[in-house]
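Examination of the molecular architecture
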Amino acid sequence: MDNKTAIEELSYIKEIMQDSRKTFVYNGYDYIFWGIIITIGLLSTYISLVEHLDINISIIWIALIGIGWVFSIIMSVIGKKKRKASTFAGKIIGGVWFSAGITMTLIGFVGTTSGAIDGVFINPAISLILGMAFFITGIIYGSKLISSVSLGWWAGAILMFYWQGIQNFLIMAFMMFAFQIVPGILLYKKAKREIED
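About the thresholds
Residues numbered from 1 in each chain as written. Predicted model: local features only at pLDDT ≥ 70, side-chain atom pairs only at ≥ 80, totals over all residues. Heavy atoms only, no water. Core = buried A, V, L, I, M, F, W, Y, C linked by side-chain atoms within 4.5 Å. Buried < 20%, exposed > 50% of the residue type's maximum accessible area, 1.4 Å probe, protein only. Helix = DSSP H or I, 4+ residues; strand = E, 2+ residues; numbered from the N terminus. Contact = heavy atoms within 4.5 Å. Polar contact = N/O pair within 3.5 Å; in protein donor to acceptor, adjacent residues only side chain to side chain. Axes fitted to C-alpha atoms, helices over the stretch in contact; angles between N-to-C directions. Parallel < 35°, antiparallel > 145°, perpendicular 65-115°, else oblique. pLDDT = per-residue confidence, 0-100. Expected span 1.5 Å × (residues − 1). Bend = angle between axes of the 7 residues up to and from the residue.

1. Here's the deal with the nonpolar core
Judged by nonpolar contacts, the single largest core of 36 residues is most densely connected at Ile38, Leu42, Leu130, Phe134, Trp153 and Met172. Looking at this core, the elements with two or more residues in it are α2 (29-50), α3 (57-82), α4 (88-113), α5 (122-141), α6 (144-162) and α7 (167-196). With 9 residues, α5 is the single largest residue contributor to this core. Ignoring anything within four residues of it in the chain, the contact list for Leu130 reads Trp97, Met104, Trp153, Met172, Met176 and Gln180.

2. Some points on the side chain of Ser48
Looking at where Ser48 falls in the secondary structure, it is placed in helix α2. Of the polar contacts made by the side chain of Ser48, one reaches the backbone oxygen of Thr45; its length is 2.9 Å. With near-sequence residues (within four places) excluded, Ser48 lies in contact with Leu53, Ile55 and Ile57.

3. Side note on the packing of α4 against α5
Interhelical geometry of α4 versus α5 gives an angle of 180 degrees and a closest axis separation of 10 Å. As summarised for this structure, α4 and α5 are arranged roughly antiparallel, according to the angle between their axes. In this structure, α4 uses Ala89, Ile92, Ile93, Val96, Trp97, Ala100, Thr103, Met104, Ile107, Gly108 and Thr112 to contact α5, whose residues at the interface are Ile122, Ala125, Ile126, Ile129, Leu130, Ala133, Phe134, Ile136, Thr137, Ile140 and Tyr141.

4. Here's the deal with the confidence of the model for the protein chain
Confidence along the protein chain averages 86 in pLDDT terms, with 84% of residues attaining 70 or more. Mean pLDDT per element in the protein chain: helix α1 (residues 3-23) is the minimum at 61, and α6 is the maximum at 95.

5. Concerning α4
When the terminal C-alpha atoms of α4 are compared, their 37 Å separation across 26 residues agrees well with the 38 Å that a helix rising 1.5 Å per residue should span. Along its length, α4 reaches its greatest deviation from straightness, about 30 degrees, at Ile107. Within α4, the full set of buried residues consists of Ala89, Ile93, Val96, Trp97, Ala100, Gly101, Met104, Ile107 and Gly111. Of the residues trailing α4, Gly115 is marked for its positive phi of about 85 degrees.

Right under this line is the structure:
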């Protein structure tokens, strides 16, 4: 492949990305919903550990993650019916978040039940994945705000890797609010403005 062909192909990819970004409007529902249910799980886990409650926290997590996946699948089906055509940007962002979701689910359930990952490292590991997913999403969506959220996730991961203990559930709950729910609300407001224009 010569330089001219490579430049032409890169220009073509850039043009596709710009065109699809113009028609792609993301409403942030997933960020808000997942942020809320994960925060509920984190706070439930923290309270059960501090208060020494005799409850099976695994059941709560299975239920919450199950509800989250059902919600995401339903929203995906509804979204496909509403959209006349799927965009390149939408497909990439969908792929990034689907693969991140599968990875986080496997780390959380298979990693811990197999004994391969100590439970204390689940939150920082998931923070790293969320940082990557937000960074890629921000670049594709053309939003420096969304990309910069990744810095919060990565900084939080470093903090939790070094400061191991039950307080990590509170740190992660705060991060879910600040770096997932709040950006979701901002995206929702932005999408609403774009649809109204």
